[in-house]
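Commentary on secondary and tertiary structure
Each chain, letter by letter, is given below.
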Amino acid sequence: MNLRGRIVVITGASSGIGRAVSLECARRGAAVVLAARREDRLEAVAAECRSRGGKADSIVTDVTRRGDCERLVARALEIHGRIDVLINNAGFAIFDPIETARPEDLQLMMETNYFGAVHCTQAALPHMLAAREGRIVNVASIAGLMGYERMGGYGATKFALVGFSESLSDEVAGRGIRVSCVCPGTTNTEFFVKAERDKMPGASRLILAVKPERVARVICDAAESGTYRRIVPFPAHLFIRFKEVAPRLAHMLMRRVSGILEKR
Ligand SMILES: NC(=O)c1ccc[n+]([C@@H]2O[C@H](COP(=O)([O-])OP(=O)(O)OC[C@H]3O[C@@H](n4cnc5c(N)ncnc54)[C@H](OP(=O)(O)O)[C@@H]3O)[C@@H](O)[C@H]2O)c1
C-alpha cells in the first residue's frame, strides 16, 4: 500500500511520535484524521499538515472512552467515506515499582495504552473488513517485549498490545487487512515529562534516544509494507533478538549494566 491518497486515522496525534507520524503521512500524500484530548495542540498539528499541502481534520478524542473512539471512526467515515489505515499511538507511562505503584495509575495506563487501541480497532475493523482492505499499526514499545524493574505497569500494557496485535494479525490474515506492531526504544518526546526518565533502566542510556521523526518513518513504512514487527533503533532490535534466545542472560546483563550506570 502506498499512503498517497489514503485516509489515515492517528491517535495521540497532538505531540511526539503521533505528531511526527501525522506530518510524515501528510508528506507522503495521505489525508489524516487526528485524535487526542488537547484541542489546541491537535489543531496546531492539523494546521502544520495543511501547510504542507495535506488534508487534515482534528477530532478531540479521549481513547479511554469507547464512545469517543466510535465517534472518531464515525466522523472519519463521514468526512472521507473510508479508513485505510488506523495508527493506535496514544499512550503514556508512569514508572514505579509494583510494590508501590498506585492502582489508579496502573488502571489508567491499561485503559489508555491497551483498551484505547482495542476500542479504536473494534470501531474501525468492520469497515476495513467490508472493504477487504486496511492497515492497523499499533505503537507498542521495547517495554512490551522485555520486562524490567519499575516498568511492570507500563510494560504490561505494551505486552498486552503486542499479544493483541499478534492475535488480530492471525484473525484477519487472508481478509485484506495487515496488522503491524512497532516497538520503539527511548524516543525524544514529552513522554518523559510525565514518566520520569531517571526511573528508566540505566542500561537504556547506552542506546541513544531516537528522534520521533525516525520512529514516524518506521511507522509509515510499516503501514505501507504491512510488515508485522518493527523495532527501532537497531541496537534495541539486536538486544531483543538476544533476549529471545537467552532471556535469563539478557536480564542478568541488563541488571548488571544498569546497576553500574545507576550508581554513577
Ligand atoms: N517516547 C518514548 O520513549 C516511547 C518509547 C516507546 C513507545 N512509546 C509510545 O509511543 C506512543 C506515543 O508517545 P510519545 O513518546 O509520542 O509521547 P507524547 O509526546 O507524550 O505523546 C502521547 C500522545 O498520546 C496522547 N494521549 C495520551 N492519553 C490519551 C488519551 N486518553 N486519549 C487520547 N490521546 C491520549 C497525547 O495527547 P493528549 O494529551 O492531547 O490527549 C499525546 O498526543 C505512546 O503509546 C508511548 O507509549 C514512546
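An account of the accompanying structure is given in this report. (Residues numbered from 1 in each chain as written. Predicted model: local features only at pLDDT ≥ 70, side-chain atom pairs only at ≥ 80, totals over all residues.)

**A look at the overall build of the protein**
We count it as follows: Helix and strand labels come from DSSP, where a helix needs a run of H or I of at least four residues and a strand needs a run of E of at least two; each type is numbered from the N terminus. For the radius of gyration, the atom set is restricted to C-alpha positions; the globular benchmark scales as 2.2 Å times the number of residues to the power 0.38. Field definition: a residue is buried when 20 or more other C-beta atoms are found within 10 Å of its C-beta, exposed when 12 or fewer are, and partly exposed for counts in between, with C-beta atoms placed from the backbone. Contact between two residues is assigned whenever their backbone-derived C-beta positions fall within 7 Å.
On a plain count of helices and strands, the protein comes out with nine helices and seven strands. Here the C-alpha atoms of the protein give a radius of gyration of 18 Å, agreeing with the 18 Å that 2.2 N^0.38 yields for 264 residues. Taking all 264 residues of the protein together, the buried fraction comes to 44%. In the protein, the proportion of contacts linking residues at least 24 apart, taken out of those at least 6 apart, comes to 72%.

**Remarks on the site of the ligand**
Going by this rule: By definition, a residue lies near a molecule or strand provided its backbone-derived C-beta atom is within 6 Å of it. Charged means Asp, Glu, Lys or Arg here, nonpolar means Ala, Val, Leu, Ile, Met, Phe, Trp, Tyr, Cys or Pro, and polar covers whatever is left, Gly included.
Near the ligand there are 31 residues, and of these Gly12, Gly16, Arg37, Arg38 and Gly91 occur at the shortest range. Of all the secondary structure elements, the ones that give two or more residues to the shell around the ligand are α1 (16–27) and α4 (103–131). The element contributing the most residues to the shell around the ligand is α1, with three residues. Residues that form the shell around the ligand fall into these classes: ten nonpolar, 16 polar and five charged.

**What about the pairing of strand β5 (residues 134–139)?**
Regular strands place side chains that alternate from one sheet face to the opposite one. Heads up, the condition is: Should DSSP find at least two bridges between two strands, the strands are regarded as paired.
Among the six residues in β5, six count as buried, and that is most of the element. Here β5 shows no split at all, with Gly134, Ile136 and Asn138 on one side and Arg135, Val137 and Val139 on the other all buried. Both strand β4 (residues 85–88) and β5 contribute to a ladder of four bridges, which runs parallel. When the sheet's bridge partners are listed, Ile87 is paired in β5 with Val137. As paired strands, β5 and strand β6 (residues 177–184) are joined by six bridges and run parallel to one another.

**Notes on helix α7 (residues 212–225)**
Where we set the bar: To estimate how far a helix should reach, multiply one less than its number of residues by 1.5 Å.
Over its 14 residues, α7 runs 20 Å from end to end, which matches the ideal 20 Å to within 8%, given 1.5 Å per residue. Those residues of α7 that fall on the buried side of the exposure criterion are Pro212, Val215, Ala216, Val218, Ile219, Cys220, Ala222 and Ala223. Where α7 is buried, its residues touch α1, β4, β5, β6 and β7 (229–232). Positive backbone phi, at 80°, marks Gly226, one or two positions downstream of α7.

**Comments concerning the sheet that holds strand β2 (residues 31–36)**
Spelled out, the test is: Note on method: axes are straight lines fitted to C-alpha atoms, helices fitted across the in-contact stretch only, with angles between N-to-C directions ranging 0 to 180 degrees.
The strand order β3-β2-β1-β4-β5-β6-β7 describes an open sheet built from seven strands, whose pairing is parallel. Since the sheet does not close on itself, it has two edges, and those belong to β3 (56–60) and β7, each with one partner. Adjacent strand axes in the sheet meet at a mean angle of 15° when their direction is disregarded. Against the sheet, α7 engages β4, β5, β6 and β7, with an angle of about 160° to β6.

**Overview of the environment of Met254**
Position of Met254 relative to the elements: it lies in helix α9 (residues 247–263). Note: C-alpha distance between Met254 and Ala26 (228 residues apart in sequence) is 39 Å.

**Side note on the environment of Ala90**
In this fold, Ala90 is placed in the loop between β4 and α4. By C-beta crowding, Ala90 is classed as buried, having 25 other C-beta atoms within 10 Å. Sequence separation between Ala90 and Arg6 is 84 residues; the distance between their C-alpha atoms is 21 Å. Residue contacts for Ala90: discarding those within four places in its chain leaves Thr11, Gly12, Ala36, Val63, Thr112 and Gly116.

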